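Read off the chains here:
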Amino acid sequence: MKAVLKFILQVVYNVLFMTFFFVTGPFFLFKLWRRGKILPQFGQRFGLYSKDVRERLKPGCDLWIHAVSVGEVKIARVLIRSLREMRPDLRIVISATTGTGFNVAKTMLEDERTSIIYNPIDFLWSVVSAYKLIRPKRLVLIESEIWPNYLWCARRRHIPIYLVNARLSDRTEERYRRMRWLVRPLLHEIDLIFAQDQIDVTRLTQAGFAPETIFNLGSLKYDVAVIDTSTEKDISAWWDRAGWRTDQPVLLGGSTHPGEEEVLARIYLELREKWPNLRLVLAPRHAERGGSIQDLCTRMGLRTVTRTQLATATEPLANGSSPDVLVVNSTGELSSLYKRATIAFVGKSLRGQGGQNFIEAASGGTAIVVGPNMQNFKVITREFLSRQAIIQVFDEFELAQRLKALFASDEIRRELGARARATFEANLGAAQNNAKVILQSFENGRH
């Protein structure tokens, strides 16, 4: 009976998925074409591979790791590093969904034992074609990327499936709980699920995953931060041209979203009345917004310079032209900026939704403040709050009050930063834990 129901579920899913795709697909393809983002490897989305890709993947692989975009690719990176420390000979294929994720994976990870492809769209024929070419011994899914045909094809081939750094958004958890009768058979196809903390173990169980398959192995995002900060860029060449003294306090808004820069600028004007040497750095999540943020700050009466303007300056700016505000209209330098900050506010948490990752700031022992909306980072936010290693505010007024208190007390600020660093260090090692469990299945002869 179960087999019949499973067959019916597969047929219904594939019919509905194809119908949805062919109705909406032309619209999205047109948008990609308008943006110039039709990919040269677009055929890989449909399980079509060039001769050179087929030749490269001819030996098959031990692990197929499926990521989505840059964040998941970075998690794959630290996992692969730990796996290779134990098994240098592993052959690995990484599939990415976005063009950015694909390019980052090619740059960071591709070598003679690691191949990068675009993930096939979840059409049955596309996924079957990928499995026939890749012939993986294990399938590893990063965080929450669950596609039915991936799982069903793996199960038919007796390929163990692992969900690494597992997380569920509130919306996904509620959807799974409402439709447990429908999704539970699919979720039970996964052999092992590596949750980020004990609360996530409970949430995953309630959502319908098999409780005996869920294990708390910690969050890999801490290990990601170690690699990111170890390769951070030296920003001294352009930073020093701002003409700021090394003893001047700096308030940094990291990964800010629209509306948050104006809030921070207003608060900065208040704080500067008591601390005239205070300086403000705004590093928006999207660097292309730098020009509009500079205009905003200028209208508010603040001397403002962008990172690119500093980069082209031939000497440090004199006191008369030294900026109040630095707008960072570049990418890849935020971890270095956190180390220059006295206090860091991490954005998309006050005016946006979901929040941004603050682990890089914690790794440097920076005092950190976030807003109320940290839905995408519930695990680490919960961990840091439990250790009093971060401050979470609920509105602009409280943010201003907390910042005043922190700037007023060197001792409180240093203690907050020290607890952030200690919490970061206490949570390292998840990549090694995940790698050990995955490799144990090879040693146990599971095929």
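Coordinates for the structure precede this section.
Residues numbered from 1 in each chain as written. Predicted model: local features only at pLDDT ≥ 70, side-chain atom pairs only at ≥ 80, totals over all residues. Heavy atoms only, no water.

Peer 1: Hey, could you run me through the overall build of the protein chain in this one?
Peer 2: Across its full length, the protein chain carries 20 helices and 14 strands. The C-alpha atoms of the protein chain give 24 Å as radius of gyration, which agrees with the globular expectation for 447 residues (22 Å, within 12%). The C-alpha extent of the protein chain, read off along each of the three principal axes, is 75 × 45 × 45 Å. Counting every position in the protein chain, which comprises 447 residues, the buried fraction comes to 53%. For the protein chain, long-range pairs separated by at least 24 residues make up 70% of all intrachain contacts whose partners lie at least 6 apart in sequence. (Helix = DSSP H or I, 4+ residues; strand = E, 2+ residues; numbered from the N terminus. Rg over C-alpha atoms; globule rule 2.2 N^0.38 Å. Buried < 20%, exposed > 50% of the residue type's maximum accessible area, 1.4 Å probe, protein only. Contact = heavy atoms within 4.5 Å.)

Peer 1: Explain the environment of phenylalanine 30 here, please?
Peer 2: By secondary structure assignment, the location of phenylalanine 30 is in helix H1 (residues 2–34). On the basis of relative accessible area, phenylalanine 30 is assigned to the partly exposed category, the value being 44%. Expressed as a C-alpha distance, the spacing of phenylalanine 30 and arginine 266, which sit 236 residues apart in the sequence, is 42 Å.

Peer 1: Quick question: what am I supposed to make of the packing of helix H3 (residues 70–86) against helix H20 (residues 430–443) here?
Peer 2: Helix packing geometry: the angle between the two helix axes and the distance between the axes. H20 packs onto H3 with a crossing angle of 55° between their chain directions and a minimal axis gap of 8 Å. Comparing the axis directions of H3 and H20 gives the class oblique. Considering only the axes of H3 and H20, their crossing is right-handed. Residues Val78, Leu79, Ser82, Leu83 and Met86 of H3 form the contact with H20, whose participating residues are Ala431, Gln432, Asn434, Ala435, Lys436, Ile438 and Leu439. (Axes fitted to C-alpha atoms, helices over the stretch in contact; angles between N-to-C directions. Parallel < 35°, antiparallel > 145°, perpendicular 65-115°, else oblique. Left-handed = near helix turned anticlockwise from the far one by under 90°.)

Peer 1: Just to check I follow, could you spell out the pairing of strand S5 (residues 161–166) for this structure?
Peer 2: Regular strands have side chains that alternate between both faces of the sheet. Most of S5 sits inside the fold, with six of its six residues counted as buried. As judged from the four bridges shared by strand S4 (residues 136–142) and S5, these two strands associate in the parallel manner. Within S5, the residue paired with leucine 141 across the bridge is leucine 163. For S5 and strand S6 (residues 192–195), the ladder comprises three bridges, and the chain directions are parallel. Directly across from tyrosine 162, in S6, lies its bridge partner leucine 192. (Pairing = 2+ DSSP bridges.)

Peer 1: Help me understand the nonpolar core in this model?
Peer 2: Within the largest apolar cluster, 43 residues are counted, with the highest numbers of intra-cluster contacts made by Tyr131, Leu139 and Phe209. Sorting elements by how many residues they give to this core places helix H5 (residues 124–134) first, with six residues. Excluding residues that lie within four positions of it along the chain, leucine 139 makes contacts with Trp64, Tyr131, Tyr150, Ala154, Ile159, Pro160, Ile161 and Tyr162. In this structure, Val73, Leu90, Tyr162 and Leu220 belong to the second largest nonpolar core, which totals 36 residues. (Core = buried A, V, L, I, M, F, W, Y, C linked by side-chain atoms within 4.5 Å.)

Peer 1: Whenever I open this one, the side chain of glutamine 392 confuses me. Can you help?
Peer 2: Relative to the helices and strands, glutamine 392 is located in strand S14 (residues 391–392). Within the local environment of glutamine 392, its side chain forms a polar contact with the backbone oxygen of glycine 371, the two atoms lying 3.0 Å apart. The contacts of glutamine 392, once residues within four sequence positions are left out, are Val370, Gly371, Pro372, Met374, Thr381, Leu385 and Glu398. (Polar contact = N/O pair within 3.5 Å; in protein donor to acceptor, adjacent residues only side chain to side chain.)

Peer 1: Looking at this structure, how should I read unusual backbone geometry?
Peer 2: Where the residue is not glycine, phi is negative for most of them; where a peptide bond is considered, it is trans in most cases. Positive phi outside glycine occurs at serine 255, with the angle close to 55°. Since its relative accessible area comes to 9%, serine 255 is described here as buried.

Peer 1: Would you take a moment to explain the sheet that holds strand S12 (residues 343–346) for this structure?
Peer 2: Backbone hydrogen bonds are what pair the strands of a sheet, in a parallel or an antiparallel way. Taken in spatial order, the seven strands of this open sheet run S10-S11-S9-S8-S12-S13-S14, and their pairing is parallel. Either end of the sheet is taken by a strand with one partner, and the two such strands are strand S10 (304–306) and S14. Against the sheet, helix H18 (residues 396–408) touches strand S8 (250–256), S12, strand S13 (367–370) and S14, its axis set at about 160° to S12. Sitting on the sheet, helix H19 (residues 410–426) touches S12, S13 and S14, and the angle it makes with S13 is about 85°.

No statement about biological role is implied by the geometric values presented.
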